[in-house]
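Architecture and fold: a report
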Amino acid sequence: MKILVADDSSTVRRLVAARLSADGYEVIEAEDGAEALQAACRELPALIVLDKVMPKLDGFEVVRLLHENTQTRTIPVVMLTTRTSEADVLDGLGLGVAEYIPKPFSPRELSLRIHRLLGRAPGL
Amino acid sequence: MTAILATLTVGFAMVMITLTVIIVVVRAVGDARRTRDARLRPRFEEEIAEYLIDPDRSEPELSDSRERGLFLRVVLEILVEVRGVDHERLTALLERMGFVDDLVRQLTARRRAARRRAAVAFVSIASESARGPLIRALGDRDPEVRISSALALVAIGADEVLPQILEVAAGLLADHPYSAAELMLGAGRRSPSMLSQEFRVGSPGVRRSVAEILGLLRIVDAADDLREVLASADEELVAVAARSLGLIGDAEALPALSGLVGDEHRPEFVRVAAVRAIGAIGDPAAGPAAARALDSDLSHLRSAAAEALALLGWPAVTAVPGDRALPARGASAGLHP
């Protein structure tokens, strides 16, 4: 099962990728919004972990474009971001973001929430 | 004369050549370091990520001080991003690998830059073992070391030194207002009662800042103290207290706030703060005081009154042309809830 992780911080990408790889997922990484969109259309991952603030295309724009594409419309998106004002969260949920996880985050919590979204038991 | 000129020319050329060589060497060394760091960074990020997943994994091996420096920088970046068990494990890792001891030593270094770097690092690391040295660093002659040490102590949860932290914050208000506010916010979250105490006894500047923080933190227990200052001659303090009472939602303050709105001896900004607080508290019964302000000569007061009435569910006031809805004078006529 593939998961796309998009964040302009290589530190965060590696952290999340290591956790998800240990959970048995195949992880694809993207370092900006444009690359995330291309990877999503190409790889059709089971889920996308997305930062809000990224170069080229921000996270909300990526979510909007994913929803316009019939092939990527149903891919659940987990927003992992420092931008967690009520307005940001409402905007994100309005666009169809499945989960909003604020930074600083717990990689373990992120892992469990992803398991839940994908309908898997933890550790499987 | 010719000989002197020739000597000067040769000397100048030697200096330029020497400078050029120095610049080239420094750049080459810098480039080599950056190349090495770029090669090592992904390895360290990978090792740290793996370490967080596998509790039995051995600690990364670092060959020299340059690697240690880079490793610490990478860990500090990760500490900013994570919380919970992973944050604790990384802090424990830094303690075991001797980084915390190194940073503690740097807290008392002669060079200010070293002390600052150490204090800033501890804000992210939040290591209990640095508690004592950080408390001593609250007395550092450099304000940035004091700020970072105080923030680190708030992060550790050193509640016993909250009075000293608030003292540091008070001392920083004039030159570092944002840092002072950040410290007060952090201290207030941990001990609202201590913040309230500071509000009672602090200097006017401190009281204004603390009044704002009390509102931001919605500390209901501070409402009595805030209400008391609504009669103060310190106009800025009154305005801040009014805003904070609005944020807290203190209905008991409505009579005093209504009085402020109608008090023509008060400056406009105080009356505006009071009417906005009335709107924020949300009791429609307080509408008449805001409605009377629609007849004021003061345009900002009229505008704020219209906004407050909208929040209270009173009928909308017709907007006038322009960028803002500035109710014309006399707009209160005929208004009722």
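Bear in mind the structure is a predicted one, so any value in this text is a computation, not a measurement.

1. Quick look at the overall build of chain A
Within chain A, the regular secondary structure consists of five helices and five strands. Counting from the amino terminus, helix and strand elements in chain A follow one another as β-α-β-α-β-α-β-α-β-α. At 13 Å, chain A has a C-alpha radius of gyration in line with the 14 Å of a compact globule built from 124 residues. If you line up chain A on its principal axes, its C-alpha atoms span 30 × 30 × 25 Å. Burial statistics for chain A: of 124 residues in total, 50% are counted as buried. Taking the intrachain contacts of chain A between residues at least 6 apart in sequence as the baseline, contacts between residues at least 24 apart amount to 60%. About 5400 Å² of surface is accessible on chain A, with carbon and sulfur atoms providing 50% of the total. Averaging the coordinates of the 15 positive side-chain charges in chain A and doing the same for the 18 negative ones gives two points 4 Å apart.

2. Topic: the overall build of chain B
Assigned secondary structure in chain B consists of 17 helices and zero strands. Scaling as 2.2 N^0.38, a compact globule of 337 residues should have a C-alpha radius of gyration of about 20 Å, whereas chain B reaches 29 Å, well beyond that. Across its three principal axes, chain B shows a C-alpha extent of roughly 90 × 70 × 35 Å. A total of 337 residues make up chain B; the buried ones form 43% of that total. Relative to all contacts within chain B whose residues are 6 or more apart in sequence, the contacts with residues 24 or more apart total 61%. Surface exposure of chain B reaches about 17400 Å², of which carbon and sulfur atoms provide 56%. The positive charge centre, built from 40 side chains, and the negative charge centre, built from 47, are 6 Å apart in chain B.

3. What about the packing of helix α10 (residues 192–201) of chain B against helix α11 (residues 204–216) of chain B?
Residue and element names in this part refer to chain B. Look at α10 against α11: their axes get within 8 Å of each other, and the N-to-C directions meet at 145°. In this structure, α10 crosses over α11, and the sense of that crossing is left-handed. Together, L195, S196, E198, F199 and R200 of α10 and V206, R207, V210, A211, I213 and L214 of α11 make up the contact between the two elements. For the contact of α10 with α11, the per-class residue count stands at seven nonpolar, one polar and three charged.

4. Some thoughts on the pairing of strand β1 (residues 2–6) of chain A
Looking down a regular strand, the side chains alternate between one sheet face and the other. Residues and elements named next belong to chain A. Taking burial as the measure, the five residues of β1 include four buried ones, the bulk of the element. Sheet topology note: the β1/strand β2 (residues 26–30) ladder contains five bridges and is parallel. Of the residues in β2, the one forming a bridge with L4 is I28. This β-α-β element, β1 to helix α1 (residues 10–22) to β2, shows right-handed connectivity. Pairing of β1 with strand β3 (residues 47–50) involves four bridges; the strand directions are parallel. Following the sheet pairing, V5 is matched in β3 by V49.

5. Details of the interface of chain A and chain B
Listed by partner, the interface residues are 15 residues for chain A and 17 residues for chain B. Between chain A and chain B, the buried area comes to about 1500 Å², and carbon and sulfur atoms account for 56% of it. Counting every contact that joins chain A to chain B gives five salt bridges. A salt bridge links E46(B) to R14(A), with the shortest nitrogen-to-oxygen separation between them at 3.9 Å. On inspection of chain A and its partner chain B, the count reaches nine residue pairs in polar contact (both at pLDDT 80 or more). Counting residues per element, the ones that place at least two in the side of chain A that touches chain B are α1 and α5 (107–117) of chain A. Taken together, the residues of the side of chain A that touches chain B sort by class into seven nonpolar, three polar and five charged.

6. Quick word on the side chain of D23(A)
Residue and element names in this part refer to chain A. Within the element layout of this structure, D23 appears in the loop between α1 and β2. Among buried Asp, Glu, Lys and Arg side chains, D23 stands out as unpaired, with R19 the closest opposite charge at 4.8 Å. A polar contact of 2.5 Å, which involves the side chain of D23, links it to the side chain of S111.

7. Overview of the layout of surface pockets
Residue and element names in this part refer to chain B. A volume near 370 Å³ is recorded for the largest pocket. Along the wall of the largest pocket there are 14 residues; nearest its centre are G69, L72, L103, Q106 and R117. The residue inventory of the lining of the largest pocket, partitioned by class, reads seven nonpolar, three polar and four charged. What the second largest pocket holds in volume is close to 310 Å³. What lines the second largest pocket is simply V123, L151, V154, A155, E182, L183, G186, R189 and R190. If you list the elements that add at least two residues to the lining of the second largest pocket, you get α7 (143–156) and α9 (177–190). For the lining of the second largest pocket, the element with the most residues is α9, which contributes five residues. For the lining of the second largest pocket, the residue count by class is five nonpolar, one polar and three charged.

8. Re the confidence of the model for chain A
Averaged over all residues, the pLDDT of chain A equals 89, while 96% of them reach at least 70. Of all the helices and strands in chain A, helix α4 (residues 86–95) of chain A carries the lowest mean pLDDT, 81, while β3(A) carries the highest, 96.

9. Here's the deal with the packing of aromatic side chains
Taken as a whole and assessed by the stated rule, the structure comprises two aromatic pairs over all chains. Aromatic pair F44(B) and F71(B): ring centres 5.4 Å apart, planes at 90°, arrangement edge-to-face. Of the two residues, F44(B) sits in helix α1 (residues 2–53) while F71(B) sits in helix α2 (residues 65–81), which places them 27 residues apart along the sequence. Side by side, F44(B) and F71(B) carry an identical accessibility label, which is buried. Relative to F99(B), the ring of F71(B) has its centre 5.8 Å away and its plane inclined at 25°; by these criteria the two rings are stacked. In this pair, F71(B) is assigned in helix α2 and F99(B) in helix α4 (residues 99–106), connecting sequence segments 28 residues apart. The exposure classification of F71(B) matches that of F99(B), with both residues buried. These aromatic residues form a ring-pair network of at least three members: F44(B), F71(B) and F99(B). Against the face of F60(A) rests K52(A), its NZ or CZ located 4.6 Å from the ring centre. Across the ring face of F99(B), the terminal group of R68(B) is positioned such that the distance to the ring centre comes to 4.1 Å.

Cut-off values and rules
Residues numbered from 1 in each chain as written. Chains lettered and ligands numbered in written order. Predicted model: local features only at pLDDT ≥ 70, side-chain atom pairs only at ≥ 80, totals over all residues. Heavy atoms only, no water. Helix = DSSP H or I, 4+ residues; strand = E, 2+ residues; numbered from the N terminus. Rg over C-alpha atoms; globule rule 2.2 N^0.38 Å. Buried < 20%, exposed > 50% of the residue type's maximum accessible area, 1.4 Å probe, protein only. Contact = heavy atoms within 4.5 Å. Areas by Shrake-Rupley, 256 points an atom, 1.4 Å probe, with all protein chains shown as cover. Lys, Arg positive; Asp, Glu negative; His and termini not counted. Charge placed at Lys NZ, Arg CZ, Asp CG, Glu CD. Axes fitted to C-alpha atoms, helices over the stretch in contact; angles between N-to-C directions. Left-handed = near helix turned anticlockwise from the far one by under 90°. Nonpolar A, V, L, I, M, F, W, Y, C, P; charged D, E, K, R; others polar. Pairing = 2+ DSSP bridges. Right-handed = clockwise from strand over helix to strand, strands pointing away. Buried area = accessible area lost by both parts, 1.4 Å probe. Salt bridge = Lys/Arg side-chain N within 4 Å of Asp/Glu carboxyl O. Polar contact = N/O pair within 3.5 Å; in protein donor to acceptor, adjacent residues only side chain to side chain. 1 Å grid on protein atoms, 1.4 Å probe; cavity = no way out; pocket = protein on both sides within 12 Å on 5 of 7 lines; lining within 4 Å. Points joined across faces, edges and corners; volume = space filled by probe spheres on them. pLDDT = per-residue confidence, 0-100. Phe/Tyr/Trp six-rings, centres within 6.5 Å; stacked < 30°, edge-to-face > 60°. Lys NZ or Arg CZ within 6 Å of the ring centre and 35° of its normal.

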